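# Survey of secondary and tertiary structure
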Amino acid sequence: MARPANLTLYSYYWSSCAHRVRIALNLKGLEYEYKAVNLLKGDQFDPEFEKINPLKFVPALVDGDVVVADSLAIILYLEDKYPQHPLLPQDLKKKAMNLQVASIVSSSIQPLQGFFARQFFEKKISLDEKLTWSQYHVNKGFAAIEKLIKEIAGKYATGDEVQLADVFLAPQIFAGVPRFQIDMSLYPTLARLNEAYAELPAFQAALPHRQPDAPSTS
């Protein structure tokens, strides 16, 4: 049973940043209203959305009179207010590792290959050069994370419980492999984790094609 909450998530189905927050909400059993922000159509530039997030990015979360933007800030807010299914362990060493993995994904991978970075380069470099750029940053981040967790990973990234690192890794792997042709055989730990995520209902429900604003396949 989902814990009652007055939550609204501003999301775009294909945004890996919003994808992270959907996973966290699902893991914590929180129901929420989904408000689509179509980045391709420029909904993020609507003055009403700018009041929600002046940076004009998704995701953004409204919880009553609290408004939080940025996926990491949102998830840490949820962690404090809704402690069910904790995403950060009490063990300080393991907690630091979860935060480090989340930071690598959110600051050293995604922004450098995300929608707005690719849009900025649209007329400045060729498609092949854009792919090379994105592959470089995804591979650099994945290589670092593989080294960090290969000796400590259990069923999931930092042990046998789903935690913050998994919430950030799953969308990045999901988006990175088909979009940027990433060879996951280079990262056996991450490849194994990706298979484990595919078995989790909270992760499956958060997938892009299962969101209300996803294009119909019919």
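Because the structure is predicted, anything quoted here is derived from the model rather than measured. (Residues numbered from 1 in each chain as written. Predicted model: local features only at pLDDT ≥ 70, side-chain atom pairs only at ≥ 80, totals over all residues. Heavy atoms only, no water.)

### Quick notes on the packing of helix α7 (residues 164-180) against helix α8 (residues 188-197)
- One can describe the packing of α7 onto α8 by two numbers: an axis separation of 10 Å at closest approach and a directional angle of 95°. By the angle class used here, α7 and α8 are roughly perpendicular. Two secondary-structure elements touch here, α7 through D166, L169, A170 and I173 and α8 through L190, L193, N194 and Y197.
- Classifying every residue of the contact of α7 with α8 gives six nonpolar, one polar and one charged. (Axes fitted to C-alpha atoms, helices over the stretch in contact; angles between N-to-C directions. Helix = DSSP H or I, 4+ residues; strand = E, 2+ residues; numbered from the N terminus. Parallel < 35°, antiparallel > 145°, perpendicular 65-115°, else oblique. Contact = heavy atoms within 4.5 Å. Nonpolar A, V, L, I, M, F, W, Y, C, P; charged D, E, K, R; others polar.)

### A closer look at the packing of aromatic side chains
- If you walk through the whole model with that rule in mind, you get seven aromatic pairs.
- Their ring planes at 65° and their centres at 6.0 Å tell us that W14 and F174 sit as a pair that is edge-to-face. Here W14, found in the loop between β1 (7-11) and α1 (16-27), pairs with F174, found in helix α7; they are 160 residues apart in sequence, far enough to count as distant.
- Classification of W14 by relative accessible area gives partly exposed; the value is 32%. (Phe/Tyr/Trp six-rings, centres within 6.5 Å; stacked < 30°, edge-to-face > 60°. Buried < 20%, exposed > 50% of the residue type's maximum accessible area, 1.4 Å probe, protein only.)

### A few points about the nonpolar core
- Formed by 49 residues in total, the largest nonpolar core has its most connected members in F142, I145, I149, L169, L190, Y197 and F203.
- Of all elements in the fold, only β1, α1, α3 (71-81), α4 (92-113), α6 (127-149), α7, α8 and α9 (201-204) reach the threshold of two or more residues within this core.
- One finds Y12, V37, A60 and A214 within the second-largest nonpolar core, a separate group that totals 12 residues. (Core = buried A, V, L, I, M, F, W, Y, C linked by side-chain atoms within 4.5 Å.)

### Considerations on unusual backbone geometry
- The omega torsion of the bond from V58 to P59 falls at 5°, within 30 degrees of zero and hence cis.
- The phi angle at H85 is positive, at roughly 45°, despite the residue not being glycine.
- Along the chain, the position of H85 falls in the loop between α3 and α4.
- For H85, a relative accessible area of 31% gives the class partly exposed.
- One non-glycine residue, Q181, lies in positive phi territory at about 55°.
- Counting through the fold element by element, Q181 comes out in the loop between α7 and α8.

### Some points on the pattern of salt bridges
- If you walk through the whole model with that rule in mind, you get three salt bridges.
- One salt bridge connects E79 with K28, and the closest N-O pair in it is separated by 2.8 Å. Of the two residues, E79 is situated in helix α3 and K28 in the loop between α1 and β2 (33-36); the sequence distance between them amounts to 51 residues. Taken as a pair, E79 and K28 share a single burial class, namely buried.
- Among the ionic pairs, K81 bridges to D63, the shortest N-O distance being 3.0 Å. Here D63 lies in strand β3 (residues 60-63) and K81 lies in helix α3, a separation of 18 residues in the sequence. (Salt bridge = Lys/Arg side-chain N within 4 Å of Asp/Glu carboxyl O.)

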